[in-house]
Amino acid sequence: MENDTTPQDASRPLTNRIALVAGATRGAGRALAVELGRAGATVYVTGRTTRDRVSEVGRATETIEETAELIDAAGGTGIAVPTDHLDEDQVRALVERIDREQGRLDILVNDLWGGEHLLVGSVFGKKSWDTPLADGLRILELGVRSHVITAALALPLLVRSDAPLLVEVTDGTAEFNRRYRDNLYYDLAKTAPIRIAYGLGEELAEYGGTAVSVTPGFLRSEQMLAHFGVTEENWRDAAAKEPDFAIAESPYYLARGVAALAADAERAARWNRKSASSAELAKVYGVRDVDGSRPDAWAYFTDKFDGKPGAPDDYR
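Analysis parameters
- Residues numbered from 1 in each chain as written.
- Predicted model: local features only at pLDDT ≥ 70, side-chain atom pairs only at ≥ 80, totals over all residues.
- Heavy atoms only, no water.
- Salt bridge = Lys/Arg side-chain N within 4 Å of Asp/Glu carboxyl O.
- Buried < 20%, exposed > 50% of the residue type's maximum accessible area, 1.4 Å probe, protein only.
- Helix = DSSP H or I, 4+ residues; strand = E, 2+ residues; numbered from the N terminus.
- Pairing = 2+ DSSP bridges.
- Phe/Tyr/Trp six-rings, centres within 6.5 Å; stacked < 30°, edge-to-face > 60°.
- Lys NZ or Arg CZ within 6 Å of the ring centre and 35° of its normal.

> When you look at the pattern of salt bridges in this model, what are you seeing that I'm missing?
A side chain with one charge may pair with a side chain of the opposite charge, provided their charged atoms come close. Within the structure shown, the criterion is met by 23 salt bridges. Overlapping salt bridges, with partners in common, bring together Arg 17, Arg 104, Asp 106 and Asp 162 in one network.

> Explain the pairing of strand S5 (residues 165-169) to me, please; I cannot follow it from the model alone.
The two faces of a sheet get side chains in turn, since along a regular strand they alternate between them. Burial analysis of S5 places five of its five residues in the buried class, which makes it a mostly covered element. Burial of the side chains of S5 extends over both faces: Leu 165, Val 167 and Val 169 are buried on one face and Leu 166 and Glu 168 on the other. Pairing of strand S4 (residues 107-110) with S5 involves four bridges; the strand directions are parallel. Across the sheet, the residue bridging to Ile 107 is Leu 165, located in S5.

> Looking at this structure, how should I read the packing of aromatic side chains?
The geometry of an aromatic ring pair is captured by two quantities: the separation of the ring centres and the angle between the planes. Under the defined criterion, the tally for this structure stands at 13 aromatic pairs. An angle of 45° between the planes, with centres 6.4 Å apart, marks the rings of Phe 218 and Phe 301 as tilted. Here Phe 218, found in the loop between strand S6 (210-215) and helix H7 (222-228), pairs with Phe 301, found in helix H11 (residues 297-305); they are 83 residues apart in sequence, far enough to count as distant. Phe 301 sits in the buried class, given a relative accessible area of 11%. With a centroid separation of 5.9 Å and an interplanar angle of 80°, the aromatic rings of Trp 235 and Phe 245 are classed as edge-to-face. Taken as a pair, Trp 235 in the loop between H7 and helix H8 (251-262) and Phe 245 in the loop between H7 and H8 lie far apart in primary sequence, ten residues in all. For Phe 245, a relative accessible area of 0% puts it in the buried group. Each member of the aromatic cluster is reached from another via a ring pair, and the members are Phe 176, Phe 218, Phe 228, Trp 235, Phe 245, Trp 298, Tyr 300, Phe 301, Phe 305 and Tyr 315. Over the aromatic face of Trp 235 sits the side chain of Arg 220, whose NZ or CZ is 4.0 Å from the ring centroid.

Next comes the structure, spelled out in structure tokens:
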């Protein structure tokens, strides 16, 4: 199927575009899928938690079917495909289905993770040699191997697009992640997607493609809200327990920036091989978070770690 050349509605610039958001069950992945759909895209959403099965993350409260329904409600087309991206056969079947049904793929968002349940007990505050080896290796599988498998199997379809876009989602910008990220396993898992985007940006350039790594700031995901015992409506109450949470942002802040990037005809020149935060995308594209603010968590944390702390509201 050839790329559709029908004139686009300015409010739906991704109409006729085909996207895959790998890891769209909750958090940034869900919001990214919804915002791409809101901009008009047909979005395939994958994950391991469905209405019939719960992944090792252990949350039955968010499913990929629900994500697809949210895309539909936003005006896009959502297609949920249960997929474990560490299973090569499942990923091949997913790519073959997209090829069969659409004939191409224009946007690949690699938001695969699902390792939060391993961090508190096995990673944070521990030397790497005190992290159970099985947990450390699982973090690398979830945060690195899954990304590599998905890119390797999906890029032959992605390069059929007239403007292929690969978005690698991680935690931290390239600049910030020059700092050690607490533990060897976590550091590798959150630095690797930045390098994946850099390297694949080199390979996609001859196809007019763009590969960029993006990061939210302190994310108010469903899982993080539950951790602090708050909701999106009263999330600021959590700052009493964790003052840094006052800089937190909703998943839709990053998602709005990525949707604008996806619609940017100049994105290759602006972003290929680069790393960008939600705040940097917001500044370029003029988007705001759901509360109208523009938080810059990485600027806040950089200043804090450099001994120049300010109040979180100074960075909103």
